[in-house]
Amino acid sequence: MRRSFAVALERYGYEVKAAADGLTGLELFRDESFDLLILDVMLPGLDGIGLCRRIRETSLVPVLMMSARGDGLDVVAGLEAGADDYVVKPVDTYVLVARIRSLLRRASYAPAPEPGRAAGEEPAPSEGDVLVFDDLTIDTGGMEVSVSGSPVALTPTELKLLLEFAAHPGVVLERHTLLRNVWEYGWDGDSRVVDLCVQRLRRKVGRDRIETVRGFGYKLRR
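Residues numbered from 1 in each chain as written. Predicted model: local features only at pLDDT ≥ 70, side-chain atom pairs only at ≥ 80, totals over all residues. Heavy atoms only, no water.

This next bit is on the overall build of the chain. Per the secondary structure count, the chain includes 8 helices and 11 strands. Looking at the chain residue by residue over its 222 residues, the buried ones come to 47%. Taking as baseline every contact in the chain between residues at least 6 positions apart, the subset at least 24 positions apart corresponds to 57%. (Helix = DSSP H or I, 4+ residues; strand = E, 2+ residues; numbered from the N terminus. Buried < 20%, exposed > 50% of the residue type's maximum accessible area, 1.4 Å probe, protein only. Contact = heavy atoms within 4.5 Å.)

What follows is the structure, given as structure tokens:
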């Protein structure tokens, strides 16, 4: 399966480096530079979830987790470990490529200077390209985030999710809206991806900063 995916992705123009187990993958990651990682949960030695945790200790590189079980603990554990998205085996190549392209776009994402707002929505406090929400500061030009003046490291997915909230402060954003705008799902996706990414974001920017509106979604406190 590893070889077949490598051949398929190379046909799409990607340069692929493959590892047969988690420890070899960790060594390869430390020795070279990658734009994106695909980790199988069932890697021998160091499994994909453990490998993702080790990677997140030093890197914010986009991570796509591959699981054989779509409704089990693997998905939750992988996303909690820091993965940006996941696919379930067996997966069609075109689906895998679509997820890869979406992750790479997030990694190079740059928002419009004037984020769009719903009719009647008050603009966020700002100074140029800097949005301020109490102790949370978002520099949309420099793509930097800080809390009480201390920089916060966010993965590309976490940053794009925060920017989506910041473009609509005080507005409830439904999970399917976030799946479409952040993860670029053109179909109904797994809302656990949103919920777990919101949990990770809360740990970094403040647990009370993003409010849960039960039965609807989430909103950024003004």
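Another aspect to go through is the packing of helix α4 (residues 73–80) against helix α8 (residues 191–205). Across the interface, α4 lies against α8 with an axial gap of 9 Å and an inter-helix angle of 30°. Of the possible angle classes, the one that applies to α4 and α8 is roughly parallel. The handedness of the crossing between α4 and α8 comes out as right-handed. For the pair formed by α4 and α8, the contact residues are Val75, Val76, Leu79 and Glu80 on the first element and Arg192, Val193, Leu196, Arg200 and Arg203 on the second. Here the residues of the contact of α4 with α8 sort into 5 nonpolar, no polar and 4 charged. (Axes fitted to C-alpha atoms, helices over the stretch in contact; angles between N-to-C directions. Parallel < 35°, antiparallel > 145°, perpendicular 65-115°, else oblique. Left-handed = near helix turned anticlockwise from the far one by under 90°. Nonpolar A, V, L, I, M, F, W, Y, C, P; charged D, E, K, R; others polar.)

In terms of strand pairing, strand β1 (residues 37–40) meets strand β2 (residues 63–67) through 4 bridges, oriented parallel. From the neighbouring strand, Leu39 faces β2, where its bridge partner is Met65. Considered for its hand, the β-α-β crossover made up of β1, helix α3 (residues 48–56) and β2 is right-handed. (Pairing = 2+ DSSP bridges. Right-handed = clockwise from strand over helix to strand, strands pointing away.)

If pLDDT is low for a region, its predicted coordinates should not be looked at in detail. Confidence in the prediction for the chain averages 87 pLDDT; 87% of positions are at 70 or higher. Of the regions scoring below 50 in pLDDT, residues 113–120 engages in 10 contacts with residues more than four places distant in sequence or in other chains. Ignoring residues within four places in sequence, the model shows residues 122–127, a span with pLDDT below 50, making 14 contacts including any to other chains. (pLDDT = per-residue confidence, 0-100.)

With 49 residues, the main nonpolar core has Leu136, Ile138, Val145, Leu161, Phe165 and Trp183 as its most contacted residues. The residues touching Ile138, leaving out its near neighbours within four places in the chain, are Asp129, Val130, Leu131, Phe133, Glu144, Val145, Leu162, Leu163 and Ala166. With 12 residues, the next largest nonpolar core counts Phe5, Leu64, Ile100 and Leu103 among its residues. (Core = buried A, V, L, I, M, F, W, Y, C linked by side-chain atoms within 4.5 Å.)

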